[in-house]
Structures are given as C-alpha cells and as structure tokens.
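Here is how the chains run, residue by residue.
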Amino acid sequence: MRRLPRRLAAGLFAAGLFASGAAFGLASHAQAQTQIPLRVAGNFSQNTKHVDGVERPFFAGLGAASGTPLAVNYNPLDVLGIQAADSLRLLRSGAFDVMSVQIGMVARDDPFFEGLDLIGVSTTVPELRRAVESYRAAFDERLQQRFGTRVMTLWPFGPQIIYCNAPITSVRDLRGLKVRSFTPTMSALLQHLGATPVTLQFSEVYPALQRGVASCAITSATSGNTGNWPEVTTHILPLGLSGAVQGHFMTMAAWRRFSPEQQTALTREFRRMEDAMWDIATNSNGDALSCSTGGACSEHKPFRNTLVTVNEADAALVREAVGAVILPTWRDTCNRVWAQCTQTWNGTVGAARGFTIN
C-alpha cells in the first residue's frame, strides 16, 4: 500500500482528533440537555379560566421559565377519565408525576387534609389565605409521609356558593333537596340543613343539574360560570361556605430527578402559578357572579339567573353549624386516623382563625 506523505498523515490525524473531540462535546451537551419527563394531570377542562388561562400555559412554558429541560405531557383530569377522589392514590402509585388535586375530594383517604378548608371556618379569601399558610408545613409533611408526594401549590377557587334549578330564598330552602357536595364537612352541613348531599366531581355536575339528579350544587362563582351551570340553574345564593382549596402535588420520585438548583427554580415557578390562582379567586368571582345573574359583565359569560339576597340569618345558621356539627364531625373522623390531628389543627388553622376544637 502506498504510504501517505508524513505532513498529510499528521494533518489527517489531527483532523480526526478534532472530529472526535467535537463529537464527544456534542454528545456531552446532548446528555446534559436530556429532557426530564413530567406526566401531568391538570384540573377539569370546564374550568377554562384556570386551565386555559393559567395551568396549560404554565406547564407548556415551565421548562423555559425554570431553565430545566422538561418533556411535559399535560392533560386535564376529565380528558384522562380520572376520578378526582383517586388522585392521591394515583400519585402514590407513580401513574403521574404531578396532579392538580381537589383536596376535599381526596380527604376520604386522609381526613387531616380537609382541615385546610373546613366548611364555615374560612369564608373569605383573606381568611382562607391565612389558614392555608398556617397549615401548609404540617399538610406537606403528612402528604410526604403518607403518599410520597410534596406540595407545589395550594390555592382556592374562591368562596363556594349555591346554585339551584328551583326557586330558593334562603339556605333553609335546601331542606329536602338533593345538593351536590364534594367534601365530608360540606355533606355534614347539608345534612344538618335537612338536605341530601350527592357527591359529584365538577365534570359530573352540569348533567346532574340538567337531569334532576341534583336540585342544587355548590362551587365558586367563576367555576359555575365557566362551567355553564347557569344554563341549567335558575337561582344563585352567594353565601360563602368555604374556598374549595386545590393543590398541585409532585411525587417525591419525580422531585428527586432534579438538581437542587432545578428544584429551587421549579419551586419559584410553581409559586408564581399559585399566586395567579389566588388572584383569580380574589378578583374574578365578582364579575362572574354579576355575569351569571344579569348584571354588568366584562370577563365571563352572560346569564340571567336570579341573585338571592344573603341574609344574616343564613350566615348565623352556618356559623352555628360550625360548632355544632362541622368541627366535632371532622375531629372525630380525623382523630381516629391520626391521634395528633386536633392538636395540630388547633395550633395552625385554629389559631389563625380563632377557633379551638375541644
């Protein structure tokens, strides 16, 4: 075989080294940029202001915003055919990495979680925010211990009010009616009022009201409007009962895929989403209620339900039920599961809201 001139052979050898080094550099860069998968089950798609306005764009841009290479697979709960009550079990099993969780619905797996938002305890957004912040650390610790999952956000839909497909003038008119409920203490209140609670997740409520499976249902003004409930209801009683606190939870297995720097960045971004959800609860419900009842309307769908005036007797009846039914029912249920339940609640939410469970 003919030998190459020495200078040409040296040049080719050097070029080969350069090419190998460049290939190694590209491989290293590609390895560093390997996308981390994140399977996300979002909120119910009918909650368009929350899902399309905040949640969906948040997850679409989370990788860029946090500087973390993510491969996010996002779908709402109802698109996936998931029952909200199964969320914690699905997270514990590893079926999803992140889920939007309706806390009142999953409280059947651990009643301690409902302590965040007991019916009648925190009926305004500022009251609820104080309660949530007081309970957050204890809530997160128990969530990690029992379900291998951590809190990324905690936020409310806003004051939960009453929609009915028959005329009502007072909360007392719920007696004898079937009313959609989604938390154990909400069911306790309805039973105290003489109503029959019907447990339904959000995606099931519209057809239930339409077909008469339920006569009334409880949700926020914003969710009711975006879910088109006033198409199948006639009266709205804006008596705030609770806040319907939600959470975005991430499994610890998914959390450990990230470096400490990435965890810090993700925590920051999830807090920004949480703040956006609190802003909706604070600022959107007034317009939603007005739109649903034939008033001034700028950001929601116009309907013409009758707006029922809240009277002091209604508010007093709910306050009376807190001490007579809600707190004792929750105390007994929670203490059977965890002996430190009442003590923890009294030192957090109870202290923040001026309640004590004996």
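Residues numbered from 1 in each chain as written. Predicted model: local features only at pLDDT ≥ 70, side-chain atom pairs only at ≥ 80, totals over all residues. Heavy atoms only, no water.

### Considering the packing of aromatic side chains
When we look at a pair of aromatic rings, we describe it by the centre distance and by the angle of the planes. Counted under the stated rule, the structure contains 15 aromatic pairs. With 5.3 Å between their ring centres and 80° between their planes, Tyr 163 and Trp 229 make a pair best called edge-to-face. With Tyr 163 in strand E5 (residues 160-164) and Trp 229 in the loop between helix H9 (221-226) and strand E9 (235-237), this pair connects stretches of sequence that are 66 residues apart. A single burial state applies to Tyr 163 and to Trp 229, both of which are buried. Taking the centre distance of 6.0 Å and the plane angle of 55° together, the rings of Trp 330 and Trp 345 count as tilted. One end of the pair, Trp 330, is in helix H13 (residues 312-337); the other, Trp 345, is in helix H14 (residues 341-353), with 15 residues separating them in the sequence. Note on Trp 330: relative accessible area 2%, which makes it buried. (Phe/Tyr/Trp six-rings, centres within 6.5 Å; stacked < 30°, edge-to-face > 60°. Helix = DSSP H or I, 4+ residues; strand = E, 2+ residues; numbered from the N terminus. Buried < 20%, exposed > 50% of the residue type's maximum accessible area, 1.4 Å probe, protein only.)

### Concerning the pattern of salt bridges
Inspection of the entire model under this criterion finds 17 salt bridges. One salt bridge in this structure joins Arg 257 and Asp 97, with 3.0 Å as the shortest N-O distance. Here Asp 97 lies in the loop between helix H4 (87-93) and strand E3 (98-102) and Arg 257 lies in the loop between helix H10 (252-255) and helix H11 (260-283), a separation of 160 residues in the sequence. Between Arg 136 and Glu 274 there is a salt bridge whose closest N-O contact spans 2.6 Å. Of the two residues, Arg 136 is situated in helix H6 (residues 125-147) and Glu 274 in helix H11; the sequence distance between them amounts to 138 residues. The two residues Arg 136 and Glu 274 agree in class, both being buried. Linked through salt bridges whose partners overlap, the residues forming this network are Glu 133, Arg 136, Arg 271 and Glu 274. (Salt bridge = Lys/Arg side-chain N within 4 Å of Asp/Glu carboxyl O.)

### As for the sheet that holds strand E6 (residues 178-181)
With mixed pairing, six strands are arranged side by side in an open sheet as E7-E6-E8-E5-E9-E11. With one partner strand each, in any of the chains shown, strand E7 (196-199) and strand E11 (306-307) form the two edges of the open sheet. Pairing geometry for E5 and E9, over three bridges, is antiparallel. Note on E9: the bridge partner recorded for Tyr 163 is Ile 236. (Pairing = 2+ DSSP bridges.)

### Things to note about the side chain of Asn 285
Tracing the backbone through its elements, the reader meets Asn 285 in helix H12 (residues 285-292). For Asn 285, a relative accessible area of 9% translates into the label buried. When near neighbours in sequence (up to four residues on either side) are disregarded, Asn 285 contacts Phe 157, Gly 158, Pro 159, Ser 220, Ala 221, Thr 222 and Ile 280. (Contact = heavy atoms within 4.5 Å.)

### Some points on the confidence of the model for the protein chain
Averaged over every residue, the pLDDT of the protein chain is 92; the share at 70 or more is 91%. When the criterion is pLDDT under 50, residues 1-32 qualifies, and its contacts beyond four places in sequence or with other chains add up to three contacts. (pLDDT = per-residue confidence, 0-100.)

### Points about helix H8 (residues 202-211)
Three or more residues of H8 are buried, namely Phe 202, Val 205, Ala 208 and Leu 209. Buried residues along H8 cover an arc of 95° about the axis, so they all sit on one side. For H8, the elements touching its buried residues are E6, strand E8 (216-220) and H9. Gly 212 occupies a position one or two residues after H8 and carries a positive phi of about 85°. (Arc of directions from axis to C-beta.)

### Some details on the sheet that holds strand E2 (residues 70-76)
Spatially, the five strands line up as an open sheet ordered E2-E1-E3-E10-E4, and their pairing is mixed. Whereas interior strands pair on both sides, the edge strands pair on one side only; in this sheet they are E2 and strand E4 (149-156). With strand direction ignored, the average angle separating the axes of adjacent strands in the sheet is 20°. The pairing of E3 with strand E10 (residues 245-251) spans five bridges and is antiparallel. If you follow Gln 102 over to E10, its bridge partner there is Gln 246. Of the strands in this sheet, E4 and E10 are in contact with H6, which crosses E4 at around 155°. (Axes fitted to C-alpha atoms, helices over the stretch in contact; angles between N-to-C directions.)

### Considerations on the packing of helix H2 (residues 48-66) against H11
Contact pair H2 / H11: the axes reach a minimum separation of 10 Å and the direction vectors enclose 165°. Taken together, H2 and H11 sit at an angle that is classed as roughly antiparallel. Crossing of H2 against H11: the hand is right-handed. Mapping the contact onto sequence places Lys 49, His 50, Val 54, Glu 55, Phe 58, Phe 59, Leu 62, Ala 65 and Ser 66 in H2 and Ala 265, Leu 266, Arg 268, Glu 269, Phe 270, Met 273, Ala 276, Met 277 and Ile 280 in H11. Counted by class, the contact of H2 with H11 contains 12 nonpolar, two polar and four charged residues. (Parallel < 35°, antiparallel > 145°, perpendicular 65-115°, else oblique. Left-handed = near helix turned anticlockwise from the far one by under 90°. Nonpolar A, V, L, I, M, F, W, Y, C, P; charged D, E, K, R; others polar.)

### So, the state of the cysteines
In protein structure, a disulfide is the covalent linkage between the sulfur atoms of two cysteines. Tallied over the entire structure, the rule returns three disulfides. Paired through a disulfide, Cys 164 and Cys 216 show a sulfur-sulfur distance of 2.0 Å. The S-S bond linking Cys 164 to Cys 216 shows a torsion near 110°; that makes this disulfide right-handed. Separated by 52 residues along the polypeptide, Cys 164 in strand E5 and Cys 216 in strand E8 bring together distant segments of the chain. Across the disulfide, Cys 291 is cross-linked to Cys 297 (sulfur-sulfur distance 2.0 Å). Taking the torsion about the S-S bond as the criterion, the Cys 291 to Cys 297 disulfide, at about 105°, is right-handed. Since its relative accessible area comes to 34%, Cys 297 is described here as partly exposed. If you count the bonded cysteines of the protein chain from the N-terminus, they pair up as 1-2, 3-4, 5-6. (Disulfide = S-S within 2.5 Å.)

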